[in-house]
Amino acid sequence: MLLTVKNLKVHFKHENEVVKAVDGIDFALNENEVLGLVGESGSGKTVTALSIMKLLPERGCFQSGEIICEGKPAIVFQEPATSLNPVLRVGEQIDEAVLVNRLRSFNSTCTHKGYRLNGKSQTVQNETLNLLEKVKISDPERIYDSYPHMLSGGERQRAMIAMAIALNPKFLIADEPTTSLDVTIQAGILELILGLKKDLDMSVLFITHDFGIINKVADRVLVMKDGKIVEGGEKREILSRPKQDYTKQLLDAASLGAKTYSRPRRSEIGLNHKSIITVKNLNKSFPVEKGIFKKEKEKIQAVRNISLQIKEGKTLGLVGESGSGKTTLGKLIIGLLEPDSGSVGTQKSIQIVFQDPYSSLDPRMKMQDIVLEGPTIHGISKDEKEKVLRDVLFKAHLNYKDRLKYPHQFSGGQRQRIAIARALAVNPRILILDEPVSSLDVIIQLELLNLLKDLQKELSLTYIFISHDLRVVEYMADDVAVMYKGEIVELAGRDQIYRAPKHPYTKRLLSSILSI
Amino acid sequence: MRKLFQNKLAVFGASIILLLMLLAIFAPQITPYDPTYINIKDALSTPSMKHLLGTDSLGRDLFSRMIYAARIALLIGLIAVGLACVIGVFLGSIAGYFGGKMDSFIMRFADIMLCFPRFFLILAVIAVVGPSIFNVMVIIGLTGWMGMARLIRAEILSLKTRDYISASKMLDASHFFIITRHLIPNAIGPVLVSFVFGVAGAILTEAGLSFLGLGVQPPNPSWGNILMEGKAVLGVGWWVILFPGLAILITVLAFNLLGEGLRDMLNPRIEK
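### Examining the sheet that holds strand β2 (residues 17-29) of chain A
Residue and element names in this part refer to chain A. Pairing within the open sheet is antiparallel, and its three strands lie in the order β2-β1-β4. Two strands in the sheet have a free side with no partner beyond their single neighbour: β2 and β4 (61-69). Neighbour-to-neighbour, the strand axes of this sheet turn through a mean angle of 10 degrees, independent of strand direction. When strand β1 (residues 3-14) meets β2, the two strands line up antiparallel, connected through 10 bridges. Its bridge partner lying in β2, L8 is registered against I25. Running over the sheet, helix α1 (residues 45-52) touches β1, β2 and β4 and is turned about 110 degrees from β1.

This is the structure we're talking about:
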């Protein structure tokens, strides 16, 4: 046993309210295994990790139970951009970890301070370079001298992993290490963690919300909910024969892509699929200012010569990794951005639903004022407003009783439904859905996707569904456009894209899907 | 809000301000004498039951004069800074929201205004237009909006990229609607703090001007001009200078304490 957790409880006290973040969990981590800890946000997985690392705040936090660790563990966090110090070179930060490790094995009286920067020698640097090589970073010397902002997300996460393994840990805690990364990068990082586990003979406690990742990396799985472990066991056992309803629900929601083909296709009677939006040769670039006087200007071509037609009553899925220009294209289509050249032709009204339900609602407005913003702007009577409010709240599955609450009193899924209700209140024909479910937990994701499907059927809406998540797009879209570096590299019907992709980039994307 | 009530110093400041306001509003009912009534017989009498805080060199009741002076100080403080706020919020939100040339023009204008030492600018303008309560208010207001404008501009620069602003644009909201319904309500917090600090500053400025004879004109009482009159009789009547001095100190302190309390309340990162 590398790690034994016995009846661990972590309670937070917040303004006379006790939040039981972790509520009595027991588990053990064996040698040479990957233990997956899976759960939705707020289930207590990260708090568990932090309490193992002794990183919990001392104030307002009450911990009981036992954690027995063999050796000091190392941790890799979700957000590599904030885990690295932006004013130090990456190499120096890894040096620090190397030094700390030496100090620890030295275990003598010499203080940390005395050993630090001035004690930095060639051997430390060599060890760091060695570590960078181990995490398979290309060009370790360049990375050593780079500042964190010069690295890509994947490189940063590799640097973090290098720092973690510098400590020669017996086991590694990986807390959602790939969540903020693109899928193609994610595959590489997972590969790396599995490789290191084998090479360095360590165990991994892998925390994630994604069953696809669990399926790829884990040997055993623990499912957490509300601070408790609801189910645990061998991966194959859990994935194929879950015992608890909650696990089943999670798995159902997570495997939505797999069920698409078995679902009956929706009725298309009464829709004459003429094109409702015509996009012609659209170009958009953003200037990047450089130098002290911002004189040198470079251009980033976010959208490059895109033409497409969107059919009435259908869903066009727009997939691509971050920076591929999909959001820019969406903003160009609704007119939030002006194109450099090209045109967007449509006579119909378009509305948009954004990704982040926290910044898409005005925090100082009541729910009813948010939903009725469009009608208020267009100046309709009070009685009519009331009617619209009741109507759209019903459509968006929101409770009329909550109309006087403020956004922070709603959950992420509810907020997203408020954003949908706001859009529906002005009777749009077309909805642009910009990553509408990316920030939500899987069960809520499925609910919202089904709501969107129902609304489309009921109101014969046309959707442009922007997402980086191929499984979600597969579930939603009729046609799929794959974007890469500002261009549409492939545009075809869904089945064709997913079953017989032509473009190599599409193939690469599809191969990085982690299915259950 | 609850956080503000937990801050004892802020509550202390707020209660003093409330007390001052009550005194100012009910001045005619509270004061035992007309503040301008001259009674040479009683000149420079020491604080007693008859004259709570004594009398000045012309025999006017100091307590009554102080209460009426509080009225003027608060009036000038609130209205002058209110004016500064209106101008600052208006110009700052336009600069932040529209950006570009409009922004450069407004903010450079603010920079130019900030180049003048404020007190001397006020002195110079008062010297031209003549001293009166109204002039002092307007001039303090016109010279105090730059900080507010900068604050609200900075807030709006970050707020205007939020998705709810884009959503509002998609609903055909006018610029006016977006600025007044979304941006200003979300950006007003720091301005409120600045308002409270500003009032403290304006009360000091008014006292300074009146002390120099360029603010409130005798026989109307002001803490500043009572101080000036007291200066002449310092050797024989310490109370004439002590009480208005204390009044200024306590009032400014009260506004600053409230301002700091508000600032802590609005900044969630300061946890004590």
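### With respect to the interface of chain B and chain A
Contacts between the two partners involve 18 residues from chain B and, on the opposite side, 23 residues from chain A. Together, the buried faces of chain B and chain A total about 1800 Å²; carbon and sulfur atoms form 59% of this surface. The three residues of chain B that bury the most area against chain A are D163(B), M170(B) and L171(B), which together make up 40% of that side's buried surface. Between the two partners, chain B and chain A, sit zero salt bridges.

### Overview of the sheet that holds strand β12 (residues 315-319) of chain A
All names here are of chain A. Pairing within the open sheet is mixed, and its six strands lie in the order β14-β15-β16-β12-β17-β18. The open sheet is flanked by β14 (350-353) and β18 (487-493), the only strands paired with a single partner. Adjacent strand axes in the sheet meet at a mean angle of 15 degrees, parallel and antiparallel pairs treated alike.

### Some words on helix α16 (residues 382-395) of chain A
Along an α-helix, a turn takes 3.6 residues, which lines up residues three or four apart on a common side. Residue and element names in this part refer to chain A. Between its first and last C-alpha atoms α16 spans 20 Å; for 14 residues at 1.5 Å apiece the expected length is 20 Å, and the two agree. Those residues of α16 not exposed but buried are L389, V392, L393 and K395. On an axial view of α16, the arc spanned by its buried residues comes to 155 degrees, and they lie on one face. Summarising the geometry of α16, the exposed residues directed more than 90 degrees from the buried face are D383, K387 and F394. Buried positions along α16 lie against α14 (367-371), α17 (412-424) and α18 (442-459). One or two steps after α16, the chain reaches H397, where phi turns positive at roughly 55 degrees.

Thresholds, definitions, all that
- Residues numbered from 1 in each chain as written.
- Chains lettered and ligands numbered in written order.
- Predicted model: local features only at pLDDT ≥ 70, side-chain atom pairs only at ≥ 80, totals over all residues.
- Heavy atoms only, no water.
- Pairing = 2+ DSSP bridges.
- Helix = DSSP H or I, 4+ residues; strand = E, 2+ residues; numbered from the N terminus.
- Axes fitted to C-alpha atoms, helices over the stretch in contact; angles between N-to-C directions.
- Contact = heavy atoms within 4.5 Å.
- Buried area = accessible area lost by both parts, 1.4 Å probe.
- Salt bridge = Lys/Arg side-chain N within 4 Å of Asp/Glu carboxyl O.
- Expected span 1.5 Å × (residues − 1).
- Buried < 20%, exposed > 50% of the residue type's maximum accessible area, 1.4 Å probe, protein only.
- Arc of directions from axis to C-beta.

Keep in mind that these numbers describe shape and distance, not what the molecule does.
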